[in-house]
There are 2 protein chains.
Amino acid sequence: VSEPAAASVDIGARLEAFALPGLPIIAPGDDLAALVKASLVRAELVLRDGDVIVVASKLVSRAEDRFLDLGTVEPTPRARHLAKITGHDPRHVEAILRESVAVSRVTRNVLIVRHRRGFVVANAGLDFSNAQPPRAIGRGPWVLALPVDPDASAARLRAELGVAVVISDSFGRPFRLGSVGVAIGAAGLPALHDHAGRRDLHGRPLEHTATALADQVAATADLVAGQADEARGAILIRGLRFAAETRYTAQDLIRPKDQDLYA
Amino acid sequence: VSEPAAASVDIGARLEAFALPGLPIIAPGDDLAALVKASLVRAELVLRDGDVIVVASKLVSRAEDRFLDLGTVEPTPRARHLAKITGHDPRHVEAILRESVAVSRVTRNVLIVRHRRGFVVANAGLDFSNAQPPRAIGRGPWVLALPVDPDASAARLRAELGVAVVISDSFGRPFRLGSVGVAIGAAGLPALHDHAGRRDLHGRPLEHTATALADQVAATADLVAGQADEARGAILIRGLRFAAETRYTAQDLIRPKDQDLYA
C-alpha cells in the first residue's frame, strides 16, 4: 500500500473532536451506523471529507454480541497453571488463551498475550467492565471480547457512513504508565502514514518515516471520551487532511514479529 | 500526588487543537515563552483555563542549545563495539551512551536505550533531523539532544504562560509500527490521570485505573503538527477540563523498572 498525500491538518485549520450525543447503551444486534447517523442528525452535523468517526471497541463488541459467560468455560490444565501465577480466575485465563496466539509475559496480576489479530494486549482485551449483557441468561461472570475482525467492522461502518472510521481501544504499554487510545480497526484513512521522501529544514531526509496516524486519532478520541463512559463511545474528529481512498487497515499498525525486539 | 477532578472534555464541549502561527526557526537563547505569546497575539487568542500549550522538544532543545558536534566526540571501545552491531557512526553511539543509563536493545540499525530521564527511546532521542545549529562553528555532523530536564523546561514555560505545558516528542514503541507523540515534559496538568474509584455501568470498579493524559495530549498535537515542520512546533489544545493545580510531571509517566516486564 502507498499513500500520496500528507496526512495532517491544513495550515490555519483546527482539529476538532467532539462526542456524538445521545447514543444508547448498545445491545447485541443494534445497528451502530444507524445510531451514529441519528446522533449526527440530533447534533445537526453533516459529515464531510476528512471527518473520522471513532467508535470505542466496547460498542462494537456489544453490537456483535461478544459477551462471554465464564460460567460456561472449562479451563484446561494450562489455563489453571497460568491462573495460579496470575491470580486470575482460571475460566478467565482459558477465555484469554482462546483469543490468543501466544503468551508474551505472565506474572502476578498480569497476563499479556498476542491476540489472534496481532495486538499485544493484557488479557487479550477480555474485560469485566461493562461486560454484563442486557438480558443475562447464564450465571456469569461475563467478559466482553474484542470484535472478531475490527477492520471488517470499521469497513462496514465506513460503507454506511461514507467517512473514515477507527475502532478504538485503550491499551497499556511497556516503559510508560497509563493507558492510551489505540486503533484496533480502521478503514478509509492512512492508519500508518508514511513520511518517506520528506526532508527536514536542511534538506536532509527525515529519520522517522512513519506516523501511527490511526493510533493518534484514537488517542485524541480517548481524551474526549474519558473512560468507561459509553455515552461518549463515538467521537467525531474533524479537520484532518488525507487521501480519502486508502487500503490501510489497523493490521498495518502491527509490527511484524521478526521486527519486534520486545515480543 | 492525587488529583481531585475528572480529566476529560465537558459534556457538549469540543476539543480543539491548532498550530500557533508564525513561529521562527528557534535559535539558542531564544525566549520560547515570548515567541509563543507573540504568536498568540497575532492569532488574536487569549489563553484560558484548561488550555494546554504543547511545544515540540526540538524547539526547546534548540532554544537550550542542545546541539552537539559529533566531530568533537571521541568514541570509547564500547561505543565502537555497539557501532559495529548497529552500523551507526561510532561518535553518534558514544553521544547516545552519554545520554543514557542502560542499553535496552541493540541490533542492526537499532539502538534502543533508557535515557537518563527514564525514557526508553531509540538513539536516546539524538536526532540528525533539523540538528544543524544556526551558526555552525565545528565541522559536524550535528545531532540535537533532548532538553536536559524537560519537566523543568515545561514548568518554566508554564510560569510564563499561565497555562499547562507539555513538551512533546515522537517515539516508536514495541509491538506497533509508526511513531506517536509522547510527553517528555509536563507541568500544570494531570500527566497521569488516575481513575481509581470510578465505576462502570454496573457499579463495578473500573479495571484500567490510569490514563496517560499528557501522552494523549502530545498525540493530538502531533496530528496537527505533522512531522519535522518546526513552523508547527507549538500547538494549542483547548477544551480539556482538569484540576489546574497539579504536581504531576512527565516523570510520573515512566513505568518503574521493577514494574516493567519488557525492560
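A short tour of the structure in this document, coming up. (Residues numbered from 1 in each chain as written. Chains lettered and ligands numbered in written order. Predicted model: local features only at pLDDT ≥ 70, side-chain atom pairs only at ≥ 80, totals over all residues. Heavy atoms only, no water.)

1. Details of the packing of helix 6 (residues 213–225) of chain A against helix 6 (residues 213–225) of chain B
Applied cut-off: Each axis is a line fitted through C-alpha atoms, and for a helix only the stretch in contact is used; angles between axes span 0 to 180 degrees, taken between their N-to-C directions. Only runs of H or I of at least four residues qualify as helices and only runs of E of at least two qualify as strands under DSSP, and these elements are numbered from the N terminus. By the definition adopted for this analysis, an angle is roughly parallel if under 35 degrees, roughly antiparallel if over 145, roughly perpendicular if from 65 to 115, and oblique otherwise. For any helix crossing, the convention is left-handed if the near helix is rotated counterclockwise from the far helix by under a right angle, and right-handed if that rotation is clockwise. Contacts are assigned to residue pairs with any non-hydrogen atoms lying within 4.5 Å of each other.
Relative orientation of the contacting elements helix 6 of chain A and helix 6 of chain B amounts to 125°, with a least axis distance of 8 Å. With respect to helix 6 of chain B, the axis of helix 6 of chain A lies oblique. Helix 6 of chain B is crossed by helix 6 of chain A, and the crossing has left-handed handedness. Contacts between helix 6 of chain A and helix 6 of chain B pair Leu 213, Gln 216, Val 217, Ala 219, Thr 220, Asp 222 and Leu 223 of chain A from the former with Leu 213, Gln 216, Val 217, Ala 219, Thr 220, Asp 222 and Leu 223 of chain B from the latter.

2. So, the sheet that holds strand 6 (residues 110–115) of chain B
Residues and elements named next belong to chain B. Our working rule: At least two bridges found by DSSP between two strands is the condition for calling them paired.
What the 3 strands build is an open sheet, ordered 5-6-7; its pairing is antiparallel. Both edges of this open sheet fall to strand 5 (100–107) and strand 7 (120–122), since each of them pairs with a single strand only. Averaged over all pairs of adjacent strands, the angle between their axes in this sheet comes to 25°, without regard to strand direction. As paired elements, strand 5 and strand 6 share 6 bridges and run antiparallel to each other. The residue of strand 6 that forms the bridge with Thr 107 is Val 110. Set on the sheet, helix 3 (residues 77–86) makes contact with strand 5 and strand 6; between it and strand 5 the angle comes to about 30°. Packed onto the sheet, helix 4 (residues 90–98) meets strand 5 and strand 6 and runs at close to 135° relative to strand 5.

3. Topic: empty space enclosed by the protein
To be explicit about the condition: Points on a 1 Å grid over protein atoms alone make up a cavity when a 1.4 Å probe fits among them but cannot get out, and a pocket when they form an open set with protein on both sides within 12 Å along at least five of seven lines; lining residues each have an atom within 4 Å of a point. Grid points are joined across faces, edges and corners, and a volume is the space filled by probe spheres set on the points. Ten residue types, Ala, Val, Leu, Ile, Met, Phe, Trp, Tyr, Cys and Pro, are classed as nonpolar, four, Asp, Glu, Lys and Arg, as charged, and the remainder, Gly among them, as polar.
Inspection of the entire model under this criterion finds 3 cavities of 30 Å³ or more. Approximately 350 Å³ is the volume found for the largest cavity. Along the wall of the largest cavity there are 26 residues; nearest its centre are Arg 173 and Val 180 of chain A together with Arg 173, Val 180 and Val 182 of chain B. Elements represented by at least two residues in the lining of the largest cavity include exactly strand 10 (180–187) and helix 6 of chain A together with strand 10 (180–187) and helix 6 of chain B. Here the residues of the lining of the largest cavity sort into 14 nonpolar, 6 polar and 6 charged.

4. Regarding the side chain of His 92 of chain B
All names here are of chain B. The condition is simple: Only protein chains enter the calculation, and the probe is 1.4 Å; a residue is then buried if its accessible area is under 20% of its type maximum, exposed if over 50%, and partly exposed in between.
Looking at the secondary structure, you find His 92 in helix 4. Owing to a relative accessible area of 3%, His 92 belongs among the buried residues under this scheme. Residues contacting His 92, with those up to four places away along its chain left out, are Leu 70, Asn 123, Leu 126, Phe 128 and Val 143.

5. Examining the packing of helix 1 (residues 32–42) of chain B against helix 5 (residues 150–161) of chain B
Residues and elements named next belong to chain B. In contact at an axis separation of 9 Å, helix 1 and helix 5 are set at 45° when each is read in the N-to-C sense. Overall, the two elements helix 1 and helix 5 adopt an arrangement that is oblique. Of the two elements, helix 1 crosses helix 5, and the hand of that crossing is right-handed. Across from Leu 32, Ala 33, Val 36 and Lys 37 in helix 1, the residues of helix 5 making contact are Leu 157, Glu 160 and Leu 161.

6. Points about helix 3 (residues 77–86) of chain A
Residues and elements named next belong to chain A. Defined as follows: What the arc covers is the set of directions going from the helix axis to the C-beta atoms.
Looking at helix 3, one finds that the buried residues are Ala 79, Leu 82, Ala 83 and Thr 86. With its buried residues spanning 105° around the axis, helix 3 presents them on a single face. Exposed side of helix 3, more than 90 degrees from the buried face: Pro 77 and Lys 84 are the residues found there. Where the residues of helix 3 are buried, they touch helix 4 (90–98), strand 5 (100–107) and strand 6 (110–115). Gly 87 sits one or two residues past helix 3 and shows a positive phi near 85°.

7. As for the sheet that holds strand 7 (residues 120–122) of chain A
Residues and elements named next belong to chain A. Spatially, 3 strands are ordered 5-6-7 in an open sheet, and the strand pairing comes out antiparallel. Edge positions in the open sheet fall to strand 5 and strand 7, since each of these has one partner strand only. For this sheet the average axis-to-axis angle between neighbouring strands, irrespective of direction, equals 25°. The strands touched by helix 3 are strand 5 and strand 6; relative to strand 5, the strand with the most contacts, the crossing angle is about 30°.

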